[in-house]
Amino acid sequence: MRAILIVAGKEFRDGLRNRWVLSICIILSMLAMGLAYFGAAAAGQVGFTSLSTTIVSLASLAVFIIPLIALMLAYDGIVGEDESGTLLLLMTYPLARWQLLLGKMLGQGAIMAFSTTVGFGSSAVMIGLFSASTSWQELLVPYAVFIFSAILLGWIFIAIAYVVSCSVSEKSKAAGLALILWFFFVLVFDLGLLGLLVTTQGDLNADLFPYLLLLNPTDIFRLVNISYFAEQNLSGLMAITQQAQFSMAAMFGALLLWLVLPIATSVYIFNKRGL
């Protein structure tokens, strides 16, 4: 465990040195505060409107930007070390391969967790300070659910990025595959499900279809945050899941499964990788 923490600490310090932590914090803070304050501008209102609308809007934003940041942060975690020649040096230390891999994931996961908490937490602070209708107690639980699920989503895509990084021999290939995976999970997957509905003219097993959304971590993340507010009207693919009535525990369990599987896969591939 000590070896893993040493590697994780180095990765976190590298993130500070390379301005990753600062950059992610600034990006998420600006987007979160802007969305919280100007989110209702289309309806002719400026300022904080409602907690449910704000968090659902933040979730819609996070589902695009969190996976992209996580993939760009971690896609070269192994292949970058290999190309620079430092991977062979690291393997001469009294360090198992799985310890190196988990340490790097933990360090970059800490970067994502810290940046996500500070970035999205800034909008909660703004709402608490400038909204007379919302107390700090009302903000705590919804924002905790949102931020924790966003951190899990970031960790999932860091783990997916390491599967890619352990599988290729060039950083350029890893970057290309990372972008393809982002397009697939964030855009293509839902379009494919919609196409399936259109092709079958809705004649699809209504009990089975909601479970297809569990095959995409970004959809699970959206479900967690939209389903938390019972009064929120669901639309599109999200409306279909109302029939399944997934519990919060089941959805968080699905996110954790999505985290464990790519971690195990990346460890297996890295153990088979030649140096």
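Only a predicted model underlies this, so the values are computations on that prediction, with no experimental measurement involved. (Residues numbered from 1 in each chain as written. Predicted model: local features only at pLDDT ≥ 70, side-chain atom pairs only at ≥ 80, totals over all residues. Heavy atoms only, no water.)

Take the overall build of the chain next. Broken down by element type, the chain carries 12 helices and 0 strands. Within the chain, buried positions represent 48% of all 275 residues. The contacts of the chain with a sequence gap of at least 6 include a subset with a gap of at least 24, amounting to 84%. Just so you have it, the chain exposes about 13,300 Å², and 68% of that area is on carbon and sulfur atoms. (Helix = DSSP H or I, 4+ residues; strand = E, 2+ residues; numbered from the N terminus. Buried < 20%, exposed > 50% of the residue type's maximum accessible area, 1.4 Å probe, protein only. Contact = heavy atoms within 4.5 Å. Areas by Shrake-Rupley, 256 points an atom, 1.4 Å probe, with all protein chains shown as cover.)

Moving on to the nonpolar core. Residues F120, Y143 and F146 are the most contacted members of the largest nonpolar core, which totals 74 residues. With 18 residues, the top contributor of residues to this core is helix α7 (residues 136-167). Excluding residues within four positions of it along the chain, Y143 makes contact with L51, T54, I55, L58, F120, S123, A124 and I127. (Core = buried A, V, L, I, M, F, W, Y, C linked by side-chain atoms within 4.5 Å.)

Close approach of charged atoms allows side chains with opposite charge to pair. Tallied over the entire structure, the rule returns 7 salt bridges. Close ionic contact of R17 with D14 constitutes a salt bridge, the shortest N to O distance being 2.5 Å. Placement of the pair is R17 and D14 together in helix α1 (residues 2-17), with a separation of 3 residues, close to one helical turn. By relative accessible area, D14 is classed as buried at 17%. (Salt bridge = Lys/Arg side-chain N within 4 Å of Asp/Glu carboxyl O.)

Quick look at α1 now. Counted at 1.5 Å a residue, the expected span for α1 with its 16 residues is 22 Å, and the 22 Å between its end C-alpha atoms agrees. Residues of α1 that are buried: I4, V7, A8, E11, D14 and G15. One face of α1 carries all of its buried residues, which in axial projection span an arc of 120°. Along α1, the residues that are exposed and aim more than 90 degrees away from the buried face are R2 and R17. Remark: R19 follows α1 within two positions and exhibits a positive phi of approximately 70°. (Expected span 1.5 Å × (residues − 1). Arc of directions from axis to C-beta.)

What follows is about the packing of helix α10 (residues 217-227) against helix α12 (residues 248-272). Direction vectors running N to C along α10 and α12 enclose 155°, while the axes themselves pass 10 Å from each other. Taken together, the axes of α10 and α12 lie roughly antiparallel to each other. Handedness of the α10/α12 crossing: left-handed. Seen from α10, the contacting residues are P217, I220, F221, L223, V224 and S227; seen from α12, they are M248, M251, F252, A254, L255 and W258. A per-class count over the contact of α10 with α12 returns 11 nonpolar, 1 polar and no charged. (Axes fitted to C-alpha atoms, helices over the stretch in contact; angles between N-to-C directions. Parallel < 35°, antiparallel > 145°, perpendicular 65-115°, else oblique. Left-handed = near helix turned anticlockwise from the far one by under 90°. Nonpolar A, V, L, I, M, F, W, Y, C, P; charged D, E, K, R; others polar.)

Note: α-helices contain 3.6 residues per turn, so residues at a spacing of three or four share the same orientation. In this model α12 runs 37 Å from its N-terminal to its C-terminal C-alpha over 25 residues, within 8% of the 36 Å that 1.5 Å per residue would give. Along α12, the residues classified as buried are M251, F252, A254, L255, L259, P262, S266, V267 and F270.

This part covers the packing of aromatic side chains. Applying the stated rule across the entire model yields 9 aromatic pairs. Centroid distance F148 to F252: 5.6 Å. Interplanar angle 35°. Geometry classified as tilted. Of the two residues, F148 sits in helix α7 while F252 sits in helix α12, which places them 104 residues apart along the sequence. Since its relative accessible area comes to 41%, F148 is described here as partly exposed. Judged by its relative accessible area of 17%, F252 is buried. Look at F184 and F189: their rings are 6.0 Å apart centre to centre, the planes differ by 80°, and that puts the pair in the edge-to-face class. A relative accessible area of 13% means that F189 is categorised as buried. One aromatic cluster is present, formed by F157, F184, F185, F189 and W258 through successive ring pairs. Across the ring face of F270, the terminal group of R97 is positioned such that the distance to the ring centre comes to 5.4 Å. (Phe/Tyr/Trp six-rings, centres within 6.5 Å; stacked < 30°, edge-to-face > 60°. Lys NZ or Arg CZ within 6 Å of the ring centre and 35° of its normal.)

What follows is about the environment of G121. Relative to the helices and strands, G121 is located in helix α6 (residues 97-130). Among all residues touching G121, those that are not within four sequence positions of it are T116 and I147.

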